[in-house]
Amino acid sequence: MKLINQLKTMAGENLEKCLKCTICTAYCPVMAVDPMYPGPKQAGPDQERFRLMDSAYFDDVLKMCLNCGRCETACPGGVRIPDIIQRARIQYGTHAPSLRDFILANTDLMGSVATKMAPVVNWTVGLKPVKGIMDGVLGIDHRRSFPKYAGRTFESWFKREAAPAQAGFAKKVRYFHGCYVNYNYPRLGQDFVAVMNALGYGVELLGGEKCCGVALIANGQAEHARRNAERNIGLIKAGPGPVLTTSSTCTFTIRDEYPNLLGVDNSAVREDVGLAVRFISSLLESGEVRLAFKQGFRKKVAYHSACHAELLGWTVYSIDLLRRIPGLELTVLESQCCGIAGTYGFKKENYRRSQAIGEGLFEQIRTAAPEAVVTECETCKWQIEMSAGVPVQNPVSLLAEALDLEATAKLN
């Protein structure tokens, strides 16, 4: 109820900036493949005026919105259209979260259980009969494959193998690793620590961080997301210095979704939270650090600009880092949503729409024929690997692969 009351005070915010130009509709990836979706202008500012008068105007068709933010990026009036749509879902939605929604949204709970028996879980959810049951009973499409769980969390690895060495660094950064790094892909977190150490920075964890909450918001569990947000902001406030992430979605959620959707004030620390690629790029631009690369390094990659990285306006930093790597053959793909939008594309009713949205991107990748695709978003990684069949790396991992870490450490 506290959250709903806060949303009511925010509901009319910047509605009147809408110019009725429909540019947002032209850029909406859902509208391009499904005419049943009314589009961001109608679902957002237009319908919100009616919803403010009578909640009966709420329409569940809003669930078709990806929350990719491309409409906001394109809007010449600066209207936060995705926020209007997501607030309406939080404020007026009447359907309780299903078991499927609970499973998909509670990444901390599912991850903490699954990592303890990762080989069994990974094997089981990959079986066709199990996929069929999840499809028929839960509504998780059988054509999807879940990201594999690691047998050891990143936090466990860091505590045992990395933490002791961090005390020797005079300069420090804090790392919000997120659920994916902790439970599914600790290697990215390890790469981040290796790169930051080579640049002369020690790494500290926040200690007790919770999921950023984006999956909870998308699956009708906003109060839970709000509790996570309050905890995370409290941890960020507790220590000095920058807080870096390797996920564009976690970054966007903490910086913008916390105040705009959950009513959690982050104004004291918002500018302290940023993508690692942005931080590293700024260090290089200022001349504070230098890089030494492996001799003879060669790789052909394509860069995909994740939706939330574009909404932050920070894709330039990833591209800058990639262009600094000698021997890297880089193709910057035309900006296009991959279609998965976190848990959205795992839902049976969204699968075909998700794939249709991403098909243009998949075709670009097939044409470019890279050894790997590079992007800042973990769910884009899942979609591209499942649908285009090409391995995907975070820019930080590619940098770790290309750097001569020992030589870089001596330079810094």
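Residues numbered from 1 in each chain as written. Predicted model: local features only at pLDDT ≥ 70, side-chain atom pairs only at ≥ 80, totals over all residues. Heavy atoms only, no water.

Help me understand the domain arrangement of the protein in this model?
Many structure descriptions define interface size as the accessible area lost when the parts assemble. Segmentation of the protein into domains returns domain 1 (2-92), domain 2 (99-138), domain 3 (154-287) and domain 4 (299-406). Placing a centre on the C-alpha atoms of domain 1 and another on those of domain 4 gives a separation of 27 Å. The interface of domain 1 with domain 4 comprises 14 residues on the first partner and 14 residues on the second. Both faces considered, domain 1 and domain 4 share a buried interface measuring about 1,100 Å² in area, 60% of it formed by carbon and sulfur atoms. Three residues stand out in domain 1 for area buried against domain 4, namely Val33, Leu66 and Arg70, and they jointly supply 49% of the buried area on that side. Taken together, domain 1 and domain 4 are joined by two salt bridges. For the pair domain 1 and domain 4, the interface holds five residue pairs in polar contact (both at pLDDT 80 or more). Counting only elements with at least two residues in the side of domain 1 that touches domain 4, the list comes to helix H3 (29-33) and helix H5 (70-74). (Domains from an automatic or database assignment. Contact = heavy atoms within 4.5 Å. Buried area = accessible area lost by both parts, 1.4 Å probe. Salt bridge = Lys/Arg side-chain N within 4 Å of Asp/Glu carboxyl O. Polar contact = N/O pair within 3.5 Å; in protein donor to acceptor, adjacent residues only side chain to side chain. Helix = DSSP H or I, 4+ residues; strand = E, 2+ residues; numbered from the N terminus.)

Sorry, what's going on with the layout of surface pockets here?
By volume, the second largest pocket amounts to about 210 Å³. Lining the second largest pocket, in full, are Ser145, Phe146, Pro147, Lys148, Tyr180, Asn184, Tyr185, Lys381, Trp382, Glu385 and Met386. Sorting the residues of the lining of the second largest pocket by element identifies helix H12 (178-184) and helix H21 (378-387) as the ones contributing at least two each. Per-element accounting of the lining of the second largest pocket gives the leading share, four residues, to H21. (1 Å grid on protein atoms, 1.4 Å probe; cavity = no way out; pocket = protein on both sides within 12 Å on 5 of 7 lines; lining within 4 Å. Points joined across faces, edges and corners; volume = space filled by probe spheres on them.)

Looking at this structure, how should I read the nonpolar core?
Within soluble globular proteins, side chains that are nonpolar tend to cluster in buried spots. Of all hydrophobic cores here, the largest spans 46 residues; its most connected members are Phe192, Met196 and Ile325. The two domains that each donate at least three residues to this core are domain 3 (154-287) and domain 4 (299-406). In this view, Met196 contacts Val173, Tyr201, Val203, Leu244, Phe279 and Ile280; residues no more than four positions away in its chain are not counted. If you look at the next biggest cluster of nonpolar residues, it comprises 26 residues, including Leu15, Val30, Ala43 and Ile85. (Core = buried A, V, L, I, M, F, W, Y, C linked by side-chain atoms within 4.5 Å. Buried < 20%, exposed > 50% of the residue type's maximum accessible area, 1.4 Å probe, protein only.)

When you look at the pattern of salt bridges in this model, what are you seeing that I'm missing?
Taken as a whole and assessed by the stated rule, the structure comprises 26 salt bridges. A salt bridge links Arg100 to Glu349; the nearest nitrogen and oxygen atoms lie 2.9 Å apart. Here Glu349 lies in the loop between strand S6 (328-332) and helix H20 (351-368) and Arg100 lies in helix H7 (residues 99-105), a separation of 249 residues in the sequence. Of the charged contacts, one joins Arg324 and Glu285 as a salt bridge, the two residues approaching to 3.5 Å between their closest N and O atoms. Here Glu285 lies in helix H17 (residues 276-286) and Arg324 lies in the loop between helix H19 (315-323) and S6, a separation of 39 residues in the sequence.

What am I meant to see in a nonpolar patch on the surface here?
Side chains of Leu99, Phe102, Leu109, Val113, Met117 and Val120 sit close together on the surface and give an oily, nonpolar patch of about 530 Å² of accessible area. Elements with a contribution of two residues or more to the nonpolar patch: H7 and helix H8 (107-114). Among the secondary structure elements, Val120 is positioned in helix H9 (residues 118-125). (Patch = residues over 30% accessible without salt bridge, like charges linked within 9 Å, V, L, I, M, F, W, Y side chains within 5 Å. Areas by Shrake-Rupley, 256 points an atom, 1.4 Å probe, with all protein chains shown as cover.)

Please clarify how the sheet that holds strand S5 (residues 299-303) should be interpreted in this entry.
If you trace the four strands from one edge of the open sheet to the other, you get S6-S5-S7-S8, paired in parallel fashion. A strand with exactly one partner marks an edge of an open sheet, and here the two such strands are S6 and strand S8 (392-393). With three bridges joining them, S5 and strand S7 (residues 372-374) adopt parallel strand pairing. Bridge pairing in S7 places Tyr303 opposite Val374. (Pairing = 2+ DSSP bridges.)

Hey, could you run me through the packing of helix H6 (residues 81-92) against helix H16 (residues 248-261) in this one?
The angle between the axes and the distance between the axes are what describe a pair of packed helices. Packing of H6 against H16 brings their axes to within 10 Å, and their N-to-C directions diverge by 50°. Accordingly, the angle class assigned to the pair H6 and H16 is oblique. In this structure, H6 meets H16 at a crossing whose hand is right-handed. For the pair formed by H6 and H16, the contact residues are Asp83, Gln86, Arg87 and Ile90 on the first element and Glu257, Asn260 and Leu261 on the second. By residue class, the composition of the contact of H6 with H16 is two nonpolar, two polar and three charged. (Axes fitted to C-alpha atoms, helices over the stretch in contact; angles between N-to-C directions. Parallel < 35°, antiparallel > 145°, perpendicular 65-115°, else oblique. Left-handed = near helix turned anticlockwise from the far one by under 90°. Nonpolar A, V, L, I, M, F, W, Y, C, P; charged D, E, K, R; others polar.)

Teacher, can you tell me more about the packing of helix H4 (residues 40-53) against H6 here?
At their nearest, the axes of H4 and H6 sit 9 Å apart, and the two run at 50° to each other. On the basis of their axis angle, the class for H4 and H6 is oblique. As for how H4 packs across H6, the hand of that crossing is left-handed. On the side of H4, the interface is formed by Pro40, Ala43, Gly44, Pro45, Glu48, Arg51 and Leu52, while H6 contributes Ile81, Ile84, Ile85, Ala88 and Tyr92. Classifying every residue of the contact of H4 with H6 by side-chain character gives nine nonpolar, one polar and two charged.

Help me out: how do you make sense of the environment of Phe346 in this one?
With respect to the element layout, Phe346 can be found in the loop between S6 and H20. Distance from Phe346 to Ser145, taken between C-alpha atoms, is 8.7 Å for residues 201 residues apart in sequence. Once residues within four sequence positions are removed from consideration, Phe346 is found in contact with Gly139, Ile140, Asp141, Arg144, Ser145, Phe146, Pro147, Ile340, Trp382 and Met386.

Would you take a moment to explain helix H10 (residues 128-138) for this structure?
For an α-helix, 3.6 residues make a turn, and residues three or four places apart therefore share a direction. Within the span of H10, buried status applies to Lys131, Met134 and Asp135. Relative to the axis of H10, the buried residues are bounded by an arc of 100° and lie together on one face. H10 presents Pro129, Ile133, Gly136 and Val137 as exposed residues on the side facing more than 90 degrees away from its buried surface. For H10, the secondary structure elements touched by its buried residues are H9. (Arc of directions from axis to C-beta.)

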